[in-house]
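The residues making up each chain are set out below.
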Amino acid sequence: HLIASRIRRFGYYSEIRTPDTPASELETASGIILSGGPQSVYDVGSPQADPKIFDLGIPVLGLCYGLHWIAQTLGGKVSPGHVKEYGKTPIHILGKNSQLFKGIAGDCTVWMSHGDEATELPRGFSRIATSETCKNAAFSDEARR
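One structure accompanies this document, and this report is about it. (Residues numbered from 1 in each chain as written. Predicted model: local features only at pLDDT ≥ 70, side-chain atom pairs only at ≥ 80, totals over all residues. Heavy atoms only, no water.)

## Observations regarding the overall build of the protein chain
Here is step 1: Within the protein chain, the regular secondary structure consists of two helices and six strands.
Here is step 2: Along its sequence from the N terminus, the protein chain presents helices and strands in the succession α-β-β-α-β-β-β-β.
Here is step 3: Taking 2.2 N^0.38 as the reference for a compact globule, 145 residues should give roughly 15 Å; the C-alpha atoms of the protein chain span a radius of gyration of 15 Å, in line with that estimate.
Here is step 4: Taking all 145 residues of the protein chain together, the buried fraction comes to 38%.
Here is step 5: The contacts in the protein chain between residues at least 6 apart in sequence include a share of 59% that link residues at least 24 apart.
Here is step 6: Summing over all exposed atoms, the protein chain offers an accessible surface of approximately 9200 Å²; the carbon and sulfur share of this is 54%.
Here is step 7: Of the charged side chains in the protein chain, 15 are positive and 15 negative; the average position of the first set lies 5 Å away from that of the second. (Helix = DSSP H or I, 4+ residues; strand = E, 2+ residues; numbered from the N terminus. Rg over C-alpha atoms; globule rule 2.2 N^0.38 Å. Buried < 20%, exposed > 50% of the residue type's maximum accessible area, 1.4 Å probe, protein only. Contact = heavy atoms within 4.5 Å. Areas by Shrake-Rupley, 256 points an atom, 1.4 Å probe, with all protein chains shown as cover. Lys, Arg positive; Asp, Glu negative; His and termini not counted. Charge placed at Lys NZ, Arg CZ, Asp CG, Glu CD.)

Below is the structure:
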């Protein structure tokens, strides 16, 4: 709800959907944000989105759990982190040409809330930010958005 509220305050339309929403119901979306949650992607019964969302040709942004779900679903690896990151966390931006960090000068502080880490990136993805304790704090596949 916080993410949807922020998007609306920027003047954009947003809907909150359940994780099991079929990709066919999202075909007209401008983009998809997969948000965080307390689960781990490798837990039995953890929320799962429809992997066909990656075939829609629209941008998909994963935050915390959503980032881990993208990594695991597309062939990367997610493991328990050595250190849990909660709260304000400085990140070092490597991908200054990435669409995600476009217009951001230098490093920045973000809000982290996760205990897991994407330890191996899926094919086609590049690391675009790190934190002190998280090697893959942000990654992207610019070609697939």
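## Let's talk about the nonpolar core
Here is step 1: If you look at the biggest cluster of nonpolar residues, it comprises 19 residues, and the most contacted ones within it are Ile32, Leu34, Ile53, Val60, Trp69 and Ile70.
Here is step 2: Among the elements of the structure, strand S1 (32-34) and helix H2 (65-73) are those that each provide at least two residues to this core.
Here is step 3: Sorting elements by how many residues they give to this core places H2 first, with five residues.
Here is step 4: Residue contacts for Ile70: discarding those within four places in its chain leaves Leu34, Phe54, Val60, Leu61, Gly62, Pro122 and Phe125.
Here is step 5: Of all hydrophobic cores here, the second largest spans nine residues; its members include Ile93, Met112, Ala129 and Ala137. (Core = buried A, V, L, I, M, F, W, Y, C linked by side-chain atoms within 4.5 Å.)

## A closer look at the state of the cysteines
Here is step 1: Within the structure shown, the criterion is met by zero disulfides.
Here is step 2: In this structure Cys64 is not part of a disulfide, and its nearest cysteine sulfur, from Cys134, lies 9.6 Å away.
Here is step 3: The thiol of Cys108 is not disulfide-bonded; the next cysteine sulfur, from Cys134, is found 14 Å away. (Disulfide = S-S within 2.5 Å.)

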